[in-house]
Amino acid sequence: MPALKRLRLLALMLLPLLTAFASADGHQVSLVAHPDVDTRTLTRDTTRAIFAMRQRTWPDGQAVRVFVLPSNHAVHGRFTKERLAVYPHQLQLAWDRMVFSGTGQAPNRVSSQPEMLERIATTPGALGYLEREYLDDRVQVISME
């Protein structure tokens, strides 16, 4: 019986953590693009290259316009860690290196998710990310392999 009590205690201790994971899943961050973009699926490596500003075109050759939230924004942090498997500061270092060396530019920054939605919906070739609650039919979700 002591083992059963320990198991129950462990379950009670983990319950808040499991609840937090379940609620976080409800706010999953989706990769989104302008509706005219022909690409429907990207690999993680390609997505990472695009957001690191190393790949500047879609697979069909159309120019990519990348939009991001501020580096300290919680959604930006979740997107970079969960979807790109990099930390926000790693992306920022890559952008700074390109800007200061004159070999590239940083992505377009927006201040909020409603602004992200608007900019992606109205900018041909645009790519960004939004929590599911901000999605509407003006943008398309790009799946990641």
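So, a few notes on the structure that sits alongside this text. (Residues numbered from 1 in each chain as written. Predicted model: local features only at pLDDT ≥ 70, side-chain atom pairs only at ≥ 80, totals over all residues. Heavy atoms only, no water.)

Moving on, we come to the side chain of Glu131. You can see Glu131 is positioned in strand β5 (residues 126-131). On the accessibility criterion, Glu131 (9% relative accessible area) is buried. (Helix = DSSP H or I, 4+ residues; strand = E, 2+ residues; numbered from the N terminus. Buried < 20%, exposed > 50% of the residue type's maximum accessible area, 1.4 Å probe, protein only.)

Here the distance between the centres and the angle between the planes together describe a pair of aromatic rings. Tallying each qualifying case throughout the model produces 3 aromatic pairs. For the ring pair Phe51 and Tyr129, a centre distance of 6.0 Å and an interplane angle of 45° mean the geometry is tilted. Of this pair, Phe51 sits in helix α2 (residues 44-51) while Tyr129 sits in strand β5, placing them 78 residues apart in sequence. Taken individually, Phe51 and Tyr129 each receive the classification buried, so the pair is uniform in this respect. Through a chain of ring-to-ring contacts, three or more aromatic side chains come together here, namely Phe51, Phe79 and Tyr129. (Phe/Tyr/Trp six-rings, centres within 6.5 Å; stacked < 30°, edge-to-face > 60°.)

Working note: a packed helix pair is described by the angle between its axes plus the distance between those axes. Two numbers describe how α2 lies on helix α3 (residues 74-84): the axes approach to 10 Å, and their chain directions differ by 145°. Contact residues: α2 offers Arg44, Thr47, Arg48 and Phe51, while α3 offers Phe79, Glu82, Arg83 and Leu84. Of the residues in the contact of α2 with α3, the class split is 3 nonpolar, 1 polar and 4 charged. (Axes fitted to C-alpha atoms, helices over the stretch in contact; angles between N-to-C directions. Contact = heavy atoms within 4.5 Å. Nonpolar A, V, L, I, M, F, W, Y, C, P; charged D, E, K, R; others polar.)

What follows covers the pairing of strand β6 (residues 140-144). Where strand β1 (residues 29-33) lies against β6, 3 bridges are found, and the strand directions are antiparallel. From the neighbouring strand, Ala33 faces β6, where its bridge partner is Gln140. Sheet topology note: the strand β2 (residues 41-42)/β6 ladder contains 2 bridges and is parallel. From the neighbouring strand, Thr41 faces β6, where its bridge partner is Ser143. (Pairing = 2+ DSSP bridges.)

This brings us to the environment of Leu84. Looking at the secondary structure, you find Leu84 in helix α3. On the basis of relative accessible area, Leu84 is assigned to the buried category, the value being 0%. Each C-alpha atom, one on Leu84 and one on Thr46, is 9.6 Å from the other, the two residues being 38 residues apart in sequence.

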